[in-house]
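Inside the fold
Here's the letter readout for the chains.
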Amino acid sequence: MPRLLLLCLLLPLSVLAASDRAGDEHSYAEPDKVVVRDLGLSLVLDFDQRVLRGHADLHLTWKDPEHRRLWLDTRDLVIEKVLGKRRDSGWYRLRWKLEPADPVLGSKLAIELRQPYETVRIRYRTSPSASGLQWLTPEMTRGGRLPFMFSQSQAIHARSWVPLQDTPSVRYTYSARVRTDPRVMVLMSADNPPNEPRDGDYVFRMSQPIPSYLMAIAAGDLVFGAISERSGVWAEPAMLDAALAEFADSERMIQAAEQLYGPYRWGRYDLLILPPSFPFGGMENPRLSFITPTVIVGDRSLVSLIAHELAHSWSGNLVTNASWKDIWLNEGFTNYVEGRISEALYGEEAARMEVVINETSLHQELEHIPPPLQALVLPRLTGMDPDEALTDVAYVKGHWFLRFLEQRFGRELFDPFLRSWFDRHAFQSVSSEDFIAYLERELLPRKPGAVRSKELAAWLQGPGIPRNAPRTHSERLDAASRQLKRWLAGRTPAAELDTAGWVTQQWLHFLDGLPARLEVEQMAELDAAFRWTGTPNGEIAMRWYPRAVRSGYFEARPAMAAFLTTVGRRKLILPIYEALAETPEGLAFAREVLAKARPGYHPLTTASVEAVLEKAAEGG
Ligand code: BES
Ligand code: ZN
């Protein structure tokens, strides 16, 4: 993604060179002085005004009892009143100040205290344009009957709907009471009893300490269907059956992960199917993963997404990156665990196909990532939005590094090592330095000489992929590559290629192997044979439409525009906008589409698309 390059050029060199990685540069909080240990929310969810309003009670632990201030993170919040309370005394009004907003971090809420209050209550309301919330009118939902809203807090958007210490280094429990339209169901990343009556007044409790980015809320016409005793699906009524069929393996996935990494510790594991504007594939909100409907394609071919979000129940939710520059500890570990779950359920070849497809995507992305951001252990990201710093490096290189360790030590040593990493750091936030120390203490001595420290440094601190990285081959993908070669060489027409019994991943690999630009006749030939224009499969769409744009294959335009106006998942649509932005004509078309799509897009999606188009307009 070229916009990364731009951001990196904006980073002062001193930042990249800084060796000090301690602390969280994306939060104003001072967790070495005071921490929130429990949060009590009381909110009204107002669809008409598109706001949440009410109060947040922060229960504090003072690490430095002499400290007399509380600095919190906020973004676009309206603060109405701040009160403090000590044990059984009454509430006292506190002095507070909202600092001017930083474009990345938002506004520091600085509260002054005369004594170390145990509870601070903040009365506030959100802004209708809160970066972490999307509000949908009934027409924008599947059922068209009731409005819908949902949060997306990762990485630093929780602060746009709750004033808090918005850093993954702080964990707290929470309770919430949420009142809204009685026809609407509300869910949170907490207990969601399947039989809760729909009455517009809901109470939640999350009794396990979580970081703020895992705070989540959603509301809409949501109904529940069970998959197993502890797992099920929440969706709009019209989506429920399709979702239950697609994700029927969720219980088996939980069991496979438990076999490897110990008991699932969060009680229930439910999936919430969001509207297609959800900006991500999935989000691992505890007890309730948020899932894009774009993976419900009818043949379970994209369910590795569920394995991924479930895997976060160990890597991420249980053991959490302490700041966003260590996100490979969340996403790389999760991709690895996801692969192990896929292997257990669907076999080695299925897992290998995912690996090869991911590696292809990493290699493409690496060309646009500045070298300092190609390391797993990132420098301080001061001034940079953590969402923009997140690349395939964390996911794919992180996963690759763990496979490298697995290969050198063997699963008989590596599996118990990883399990113990999760067990020994359960409900803690950890840094890369913590992992490296644990590796040096618990794994390296078990097989001296298995890895050299230079090799570790190349993976952890170096750019790119080390030359001796383990190689993965997939027979099915190789077969797809062979057919592609025949076609590209003009030896076999598309319609006569041997594609019988191909799985989705083979099609994706075939598409990945196509040149970025083809002759219009070639595009038409492929389309006639495989009917990619108008595909319901977003993974195919994100590979096909950019090629249609670059090849001048205008027949795809109407279907592509329809895709861009219904789907808001960033990964699927940004490559298309990027291709469009390469020519003045395409840019004009992209602007038209965006104008139509904007009311349905999530604020994060709109911001990303605008960034692509603006950069192109500037000639960048
Ligand atoms: N936690 C991430 C999504 C995320 C990361 C949101 C960083 C905001 C900031 C989630 O688990 C994820 O990785 N989703 C992927 C799917 C996955 C199969 C790679 C996605 O949304 O594409
Ligand atoms: Zn993830």
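Within each chain, residue numbers correspond to sequence positions counted from 1 in written order. For naming, the first written chain is A and the first written ligand is 1, with later ones following in the order written. Local features in this predicted model are restricted to residues of pLDDT 70 or higher, and side-chain atom pairs are both shown and tallied only at a pLDDT of 80 or more, whereas totals for entire chains, interfaces and linings draw on every residue. Think of the side-chain values as coming from all heavy atoms in the structure, minus any hydrogens and water.

**Here we look at the domain arrangement of the chain**
Throughout the structure description, domain borders are defined by an automatic or database domain assignment. For the chain, the domain assignment lists domain 1 (26-128 + 147-220), domain 2 (321-461) and domain 3 (514-617). By definition in these notes, contact holds between two residues if any of their heavy atoms fall within 4.5 Å. Facing the 13 residues of domain 1 at the interface are 16 residues of domain 2. Two parts placed together each lose some accessible area; with a 1.4 Å probe, that loss summed over both constitutes the buried area. Summed over both partners, the interface of domain 1 with domain 2 buries about 1,200 Å², with 55% contributed by carbon and sulfur atoms. Among the residues domain 1 hides against domain 2, the three largest losses belong to His26, Pro168 and Arg171. Together they make up 42% of the total. N or O atoms closer than or at 3.5 Å make up a polar contact, with two conditions inside protein: a donor-capable atom paired with an acceptor-capable one, and, for residues adjacent in sequence, both atoms drawn from side chains. At the junction of domain 1 with domain 2, the criterion picks out eight residue pairs in polar contact (both at pLDDT 80 or more).

**Thoughts on the sheet that holds strand E16 (residues 231-235)**
For two strands to pair, DSSP has to find at least two bridges joining them. Comment: elements are numbered from the N terminus, with helices defined as DSSP H or I runs of at least four residues and strands as E runs of at least two. Pairing is mixed in the open sheet, where five strands are placed in the order E15-E16-E17-E19-E18. Strand pairing shows two members of the sheet lacking a second neighbour, strand E15 (223-226) and strand E18 (282-283), which therefore form its edges. Here E16 pairs with strand E17 (residues 269-273) via four bridges, running parallel. For valine 233, the partnering residue across the bridge sits in E17 and is leucine 271.

**Here we look at empty space enclosed by the protein**
Two kinds of site are reported from a 1 Å grid over the protein atoms alone, namely cavities, where a 1.4 Å probe fits but cannot get out, and pockets, open sets with protein on both sides within 12 Å along at least five of seven lines, and residues are called lining when an atom falls within 4 Å of a point. Grid points are joined across faces, edges and corners, and a volume is the space filled by probe spheres set on the points. Taken as a whole and judged by the stated rule, the model has three cavities of 30 Å³ or more. The calculated volume of the largest cavity comes to roughly 60 Å³. Looking at the largest cavity, it is lined by 14 residues, and the ones nearest its centre are Ile327, Ala375, Leu378, Val393 and Ala394. Polarity classes work like this: nonpolar for Ala, Val, Leu, Ile, Met, Phe, Trp, Tyr, Cys and Pro, charged for Asp, Glu, Lys and Arg, and polar for all others, with Gly in that last group. Across the lining of the largest cavity, the residue classes tally to 11 nonpolar, one polar and two charged.

**A closer look at the site of ligand 1**
Close to ligand 1 lie 16 residues; Gln154, Gly281, Glu284, Glu309 and Tyr395 are nearest. In the model, an oxygen atom of ligand 1 is placed 3.0 Å from a nitrogen or oxygen of the histidine 308 side chain. With respect to ligand 1, the side chain of tyrosine 395 contributes an N or O atom lying 2.6 Å from an oxygen atom. Those elements that place two or more of their residues in the shell around ligand 1 are E18 and helix H5 (304-311). Each residue is tested against the molecule or strand, and it is near if at least one of its non-hydrogen atoms lies within 4 Å.

**Focus: the packing of helix H10 (residues 411-424) against helix H11 (residues 432-442)**
The angle between two axes is taken between their N-to-C directions and runs from 0 to 180 degrees, where each axis is a line fitted to C-alpha atoms and a helix contributes only its stretch in contact. At their nearest, the axes of H10 and H11 sit 11 Å apart, and the two run at 130 degrees to each other. With respect to their mutual orientation, H10 and H11 come out oblique. Considering how the two elements wind past one another, H10 and H11 form a crossing that is right-handed. Here H10 contributes Phe417, Ser420, Trp421 and Arg424 to the contact with H11, which in turn contributes Asp434, Phe435, Tyr438, Leu439, Arg441 and Glu442. Residue classes in the contact of H10 with H11 are distributed as five nonpolar, one polar and four charged. Any angle that falls under 35 degrees is termed roughly parallel, while one over 145 is termed roughly antiparallel, one within 65 to 115 roughly perpendicular, and all others oblique. For any helix crossing, the convention is left-handed if the near helix is rotated counterclockwise from the far helix by under a right angle, and right-handed if that rotation is clockwise.

**As for the side chain of histidine 425**
Note on placement: histidine 425 falls in the loop between H10 and strand E21 (428-430). Residue exposure (1.4 Å probe, protein chains only): buried if accessible area is under 20% of the type maximum, exposed if over 50%, otherwise partly exposed. Looking at histidine 425, the relative accessible area reads 12%, which means it is buried. For histidine 425, the side chain forms a polar contact with the main-chain oxygen of tryptophan 421, separated by 2.8 Å. Among all residues touching histidine 425, those that are not within four sequence positions of it are Leu318, Val319, Val430 and Tyr438.

**A few points about H5**
With respect to burial, H5 is a largely interior element, eight of its eight residues being buried. The complete set of buried residues in H5 reads Ser304, Leu305, Ile306, Ala307, His308, Glu309, Leu310 and Ala311.

**Some remarks on the packing of aromatic side chains**
In summary, the pairing rule links any two rings of Phe, Tyr or Trp, Trp by its six-membered ring, whose centres are within 6.5 Å, and it sorts them by plane angle into stacked for under 30 degrees, edge-to-face for over 60 and tilted for everything else. For the structure shown, the criterion picks out 37 aromatic pairs. Aromatic rings pair up to connect Trp328, Phe333, Tyr336, Phe401, Phe404, Phe414, Phe417, Trp421, Phe435, Tyr438 and Trp459 into one cluster. Cation over ring: arginine 69 sits above tryptophan 71, and NZ or CZ is 3.8 Å from the ring centre. Only Lys NZ and Arg CZ are tested; either one counts as a charge over a ring when it is within 6 Å of the ring centre and within 35 degrees of the ring normal. Positioned above the aromatic ring of tryptophan 71, the side-chain terminus of lysine 108 is 3.5 Å from the ring centre.

**Some remarks on the pattern of salt bridges**
When a carboxyl oxygen of Asp or Glu is within 4 Å of a side-chain nitrogen of Lys or Arg, the pair counts as a salt bridge. Scanning all chains against the criterion turns up 44 salt bridges. Note that glutamate 406 and arginine 340 form a salt bridge whose closest N and O atoms lie 3.6 Å from each other. Of this pair, glutamate 406 sits in helix H9 (residues 392-409) while arginine 340 sits in helix H6 (residues 328-346), and the two are 66 residues apart along the sequence. Summarising the burial analysis for this pair, glutamate 406 and arginine 340 share the class buried. Through salt bridges that share partners, Arg340, Glu343, Glu406, Arg411 and Asp415 make up one connected network.

**Focus on helix H12 (residues 453-461)**
Of all the positions in H12, only Glu455, Leu456, Trp459 and Leu460 are classed as buried. The buried side chains of H12 occupy one side of the element, clustering within an arc of 120 degrees when seen end-on. Exposed residues pointing more than 90 degrees away from the buried face of H12 are listed as Ser453 and Lys454. Each element contacted by the buried residues of H12 is listed here: H6, H9 and H11. Working definition: the arc comes from the directions between the helix axis and the C-beta atoms, pointing outward to the latter.

**A word on unusual backbone geometry**
Look at the link from glutamine 154 to alanine 155: it is a cis peptide, with omega at 0 degrees. Tracing the chain through its elements places alanine 155 in the loop between strand E10 (148-151) and strand E11 (171-179). Look at arginine 50: it is not a glycine, yet its phi comes out positive at around 60 degrees. Mapped onto the fold, arginine 50 is located in the loop between strand E1 (34-46) and strand E2 (51-62). The exposure class assigned to arginine 50 is partly exposed, which follows from its relative accessible area of 30%. The phi dihedral of arginine 287 falls on the positive side, at around 70 degrees, and the residue is not glycine. Take arginine 287: it is sitting in the loop between E18 and strand E19 (288-291). A relative accessible area of 7% places arginine 287 in the buried class.

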